[in-house]
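Residue-level listing of the chains:
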Amino acid sequence: MEEAVNKVIDESRQGEAVVLSSRGEGKKLYIESYGCQMNFSDSEVVASILTKEGFSTTRNVDEADVVLINTCSIRENAETRVRNRLTEFKKKKEDKPEMMVGILGCMAERLKKSLLEEEKLVDLVAGPDAYRDLPNLIEEVGSGQKAVNVLLSRDETYADISPVRMDKGGVSAFVTITRGCDNMCSFCVVPFTRGRERSRDPETIVEECRELFNKGYREVTLLGQNVDSYRWNMTSKGEIKDNSKLTTNFAQLMEMVALVSPDLRIRFSTSHPKDMTDDVLEAMAKYENVCPYIHLPVQSGNSDVLKRMNRGYTREWYLERIAAIRRIVPDCAISTDIITGFCDETDSEHEDTITLMNEVKYDYAYMFKYSERPKTLAERRFEDNVDDGIKSKRITEIIELQTQHSLESNQKQIGTTQKVLIEGKSKRSEEQLCGRTGRNSMVIFPKGEYQKGTYVMVKINDCTSATLFGEVVEEIPPAK
Ligand code: SAH
Ligand code: SF4
Ligand code: F3S
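Cut-offs applied
- Residues numbered from 1 in each chain as written.
- Chains lettered and ligands numbered in written order.
- Predicted model: local features only at pLDDT ≥ 70, side-chain atom pairs only at ≥ 80, totals over all residues.
- Heavy atoms only, no water.
- Helix = DSSP H or I, 4+ residues; strand = E, 2+ residues; numbered from the N terminus.
- Rg over C-alpha atoms; globule rule 2.2 N^0.38 Å.
- Buried < 20%, exposed > 50% of the residue type's maximum accessible area, 1.4 Å probe, protein only.
- Contact = heavy atoms within 4.5 Å.
- Phe/Tyr/Trp six-rings, centres within 6.5 Å; stacked < 30°, edge-to-face > 60°.
- Near = heavy atom within 4 Å.
- Nonpolar A, V, L, I, M, F, W, Y, C, P; charged D, E, K, R; others polar.
- Pairing = 2+ DSSP bridges.
- Axes fitted to C-alpha atoms, helices over the stretch in contact; angles between N-to-C directions.
- Salt bridge = Lys/Arg side-chain N within 4 Å of Asp/Glu carboxyl O.
- Domains from an automatic or database assignment.
- Polar contact = N/O pair within 3.5 Å; in protein donor to acceptor, adjacent residues only side chain to side chain.

Before going further, it helps to spend a moment on the overall build of the protein. Scanning the protein from terminus to terminus reveals 14 helices and 21 strands. Over its C-alpha trace the protein gives a radius of gyration of 23 Å, about what one expects of a compact globule, namely 23 Å for 480 residues. Seen through its principal axes, the protein has C-alpha atoms that stretch 65 × 60 × 55 Å. For the protein, with 480 residues in total, the buried portion stands at 56%. The long-range fraction of contacts in the protein, counting pairs at least 24 apart against all pairs at least 6 apart in sequence, stands at 72%.

Right, let's get into the packing of aromatic side chains. The tally for this structure, following the rule as stated, stands at seven aromatic pairs. Ring geometry for Phe 342 versus Phe 382: centroids 6.3 Å apart, planes at 75 degrees, classification edge-to-face. Pair noted here: Phe 342 is in the loop between strand 15 (333-340) and helix 12 (347-360) and Phe 382 is in the loop between helix 13 (377-381) and helix 14 (388-413), with a separation of 40 residues, a long-range link. Judged on exposure class, the residue Phe 342 and its partner Phe 382 are both buried. With 5.1 Å between their ring centres and 70 degrees between their planes, Tyr 364 and Tyr 366 make a pair best called edge-to-face.

The next thing to look at is the site of ligand 2. Looking at ligand 2, the residues that line it are Cys 181, Asn 183, Met 184, Cys 185, Phe 187, Cys 188, Val 190, Pro 191, Gln 225, His 272 and Arg 311. Taken together, the residues of the shell around ligand 2 sort by class into seven nonpolar, three polar and one charged.

Turning to the sheet that holds strand 4 (residues 100-104), a few remarks are in order. Reading across from one edge, 2-1-3-4-5-6 is the order of the six strands in this open sheet, with parallel pairing throughout. Each edge of the open sheet carries a strand with a single partner, namely strand 2 (56-57) and strand 6 (147-149). In the sheet, strand 5 (residues 124-126) pairs with strand 6 via three bridges, with the strands oriented parallel. Bridge pairing in strand 6 places Leu 124 opposite Ala 147. Running at roughly 165 degrees to strand 5, helix 5 (residues 134-142) makes contact with strand 3 (66-71), strand 4, strand 5 and strand 6 of the sheet.

A word on the pattern of salt bridges. Tallied over the entire structure, the rule returns 39 salt bridges. A salt bridge links Arg 327 to Asp 278, with the shortest nitrogen-to-oxygen separation between them at 3.8 Å. Linking Arg 327 in helix 11 (residues 315-328) with Asp 278 in helix 9 (residues 278-286), this pair joins segments that are 49 residues apart in sequence. A cluster of three or more residues bridged by salt bridges with shared partners is formed by Asp 42, Asp 129, Arg 179, Arg 194 and Arg 198.

Another aspect to go through is the domain arrangement of the protein. One frequently used descriptor of interface size is the decrease in accessible area upon assembly of the parts. Domains assigned within the protein are domain 1 (16-149) and domain 2 (417-476). A straight line from the C-alpha centre of domain 1 to that of domain 2 covers 37 Å.

With that out of the way, let us pick up the side chain of Ser 153. Topologically, Ser 153 is positioned in the loop between strand 6 and strand 7 (172-176). Reaching out from Ser 153, the side chain makes a polar contact with the backbone nitrogen of Asp 155 at a distance of 2.9 Å. Aside from chain neighbours lying at most four places away, what touches Ser 153 is Asp 129 and Arg 198.

Neighbouring residues of ligand 3: Cys 36, Asn 39, Thr 71, Cys 72, Ser 73, Ile 74, Cys 106, Val 190, Arg 194 and Gln 225. When its residues are assigned to classes, the shell around ligand 3 shows five nonpolar, four polar and one charged.

The strands making up a sheet associate through backbone hydrogen bonding, with each pair oriented either parallel or antiparallel. As summarised here, the arrangement of the five strands in space is 17-18-19-21-20, forming a closed barrel in which the pairing is mixed. Averaged over all adjacent pairs, the angle separating strand axes in this sheet is 50 degrees, with direction ignored. The pairing of strand 17 (residues 417-425) with strand 18 (residues 432-437) spans five bridges and is classified as antiparallel. Paired with Val 420 across the bridge in strand 18 is Thr 437. The strands that helix 14 touches are strand 17, strand 20 (455-463) and strand 21 (467-476); relative to strand 20, the one it contacts most, it runs at about 120 degrees.

Written as structure tokens, this is what we have:
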């Protein structure tokens, strides 16, 4: 789920980290993030590493000494957006040559030195596994050298780093549980930019969630490219456990986090249809605070396309997993990702995506036109041969269908009463609050005396395809 959002670190976060070194003292850091939730989460790790060096953070790029841009390579337009932004920074540097500009994340990993040496757009390049090295890299640039670290690691999980949260007094936070991806879906650049899959020590995950709860957070989203393949089989001393009963899988991790507090909501992303097991669904059904919502990307409704995509499941397998969700977590909301116009996709293969959507009736979907990415299996094996006009026609068709399904899904909620976690003021009006249901629908309701970070029961009275509207019928006191 790539998001076109710039998020900057709140200046008011300074001072929370312990300054261990003074290399950044008096210097201001500005970070901008693009791409998936994982990137936003990584920017918080970066902020933590650099505030420990004495840097303070700023929301204003014009007062920054160091500007870092955390980037995404998932589709070509994600990279184009970053290039445009880097060109703007380059212009700023004409008036302020001492300002350092660094690129982080997936584009840094994919393009390595070229943005620095050939295109001369940046002073520093750091890949997703190199953030601990940032203080050194910044120092190198300061002494007139070019600084690049794009080494991928087999074991870096930043497990011991407590991220500096972007939104002070926030309600919802991301917690990374795995990094990298071993799946090699043929269209996808992530395995090349993020490296091999590795899981993070469960004790550090639970500890981070507990700390967040104690700071007032009421929702955590456990993040990984494929959360269902989470597996930890190390002892705290770093030895491999030989007894499989001692390993921790995703269902067990979910239970451990659910037990932090009944008032801490648990979400997770992304589930993979080939790996999502019934024990994960059973753990969801068992704990009221694990939200009944699954993001289960299908990509295509046709088994031949899925095979070319190297997704590891068929249409039938996917539909069986949907049936398992409906059976074990009956009122679960389901969303998906769909790619249209993948290599050789025919009209009838596209039609299979439409019939699958009609069968599943997703509550929400993220839909993309196929964008060929360098080095991927699809780029090497197949031709990006679906005409852009046809890709556009197909994506318009699925977006229209999904909008109708989202509206129907929301209309079904009218008349029900749902538990909502209040996230804050509604964007549209000072008089309204907004929050989410467990099923992840956004609800807007009159503000009354209700507080951000608390739970209320809201009766749903109206909706659009994107939002529910309601009124509070009951406040829910904190759990004992
Ligand atoms: N790990 C997650 C998603 C990662 S990327 C998963 O496996 O589902 C998020 C979404 O971007 C993907 O689900 C896919 O729908 C889309 N995507 C990835 N590569 C793409 C490409 N080359 N062109 C278009 N969409 C792409
Ligand atoms: Fe990409 Fe597939 Fe891994 Fe998701 S599971 S990140 S789509 S390779
Ligand atoms: Fe983009 Fe990298 Fe995430 S390519 S979607 S930022 S893992």
